[in-house]
Amino acid sequence: AAMVARSNAIAVAQAINSYSVDTPGRGIETITHFTVEEAIKGGAIIGSEIEVHEPGGHLENRFKVVFGAPRFVAGDRVLLFLYQRSDGSLTTTDLALGHFRFATDINGHHLVVRSEADITGWDIDGTAHVEKRRDAKHFLDFLRSAIKSLGSVSADHCVATDPRVSQTSSRRTPAKCAPH
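**Regarding the overall build of the protein**
Item 1. Assigned secondary structure in the protein consists of three helices and 11 strands.
Item 2. Listed by position from the N terminus, the elements making up the protein come as α-β-β-α-β-β-β-β-β-β-β-β-α-β.
Item 3. Residue burial in the protein is summarised as follows: out of 180 residues, 40% are buried.
Item 4. Long-range pairs, those at least 24 residues apart, make up 56% of the contacts in the protein with a sequence separation of at least 6.
Item 5. On the protein, roughly 9800 Å² of surface is accessible, and the fraction owed to carbon and sulfur atoms is 55%.

The following block contains the structure:
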């Protein structure tokens, strides 16, 4: 719910292409163009195509690395939590926290997942954070309901962290999901 509230827009989109620019005041940024499949929140500011600006990138022989900034691959279908900056440009809310990819685990479950390698830190209770995978349909339904009701809705959308189709790691234990 906190991410939903902090985001000006939430969209299911597909990355088209990316390029880097040198912007006044922010330095090197990577801009990615997306086609929007569904505007879950903020449809008036995103339309059918959007540009998402993320810090970092490379221009000729100059590089800017920003840890935690998401990177997008052309063709990837993603769920984006977006923040509109004062100049009107869009960026992901809280860097990698606002970027989910659609994936499938070895059992055929359709998921939305964050980059597990880029999300590190501690939970409120002081324990190391373990990123949870979310059932795509249930999580999208949760978001749609949260936007409509602006109140308490069921957050039962986390699933066991079975390996994704592209992974070969061992089976992990089920994860419990905390309310968003």
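**With respect to the pairing of strand 2 (residues 27-41)**
Item 1. Where strand 1 (residues 9-23) meets strand 2, 13 bridges bridge the pair, whose relative direction is antiparallel. Looking at the pairing, Val12 lines up with Glu38 of strand 2.
Item 2. Counted along the chain from strand 1 to the antiparallel partner strand 2, the turn is three residues long, and its residue Gly25 has a positive phi close to 85 degrees.
Item 3. Relative to strand 3 (residues 49-55), strand 2 runs antiparallel, the two being bridged by seven bridges. In the strand pairing of strand 3, Phe34 is matched with Ile50.

**With respect to the confidence of the model for the protein**
Item 1. Mean pLDDT over the protein: 82, with 80% of residues reaching 70 or higher.
Item 2. Every residue in residues 167-180 scores below 50 in pLDDT, and together they form 32 contacts with partners more than four places removed in sequence or on other chains.

**Regarding the environment of Lys132**
Item 1. By secondary structure assignment, the location of Lys132 is in the loop between strand 9 (110-113) and strand 10 (133-135).
Item 2. For Lys132, a relative accessible area of 17% translates into the label buried.
Item 3. The spacing of Lys132 and Val113 is 19 residues in sequence and 7.6 Å in space, taken between C-alpha atoms.

The rules we used
Residues numbered from 1 in each chain as written. Predicted model: local features only at pLDDT ≥ 70, side-chain atom pairs only at ≥ 80, totals over all residues. Heavy atoms only, no water. Helix = DSSP H or I, 4+ residues; strand = E, 2+ residues; numbered from the N terminus. Buried < 20%, exposed > 50% of the residue type's maximum accessible area, 1.4 Å probe, protein only. Contact = heavy atoms within 4.5 Å. Areas by Shrake-Rupley, 256 points an atom, 1.4 Å probe, with all protein chains shown as cover. Pairing = 2+ DSSP bridges. pLDDT = per-residue confidence, 0-100.

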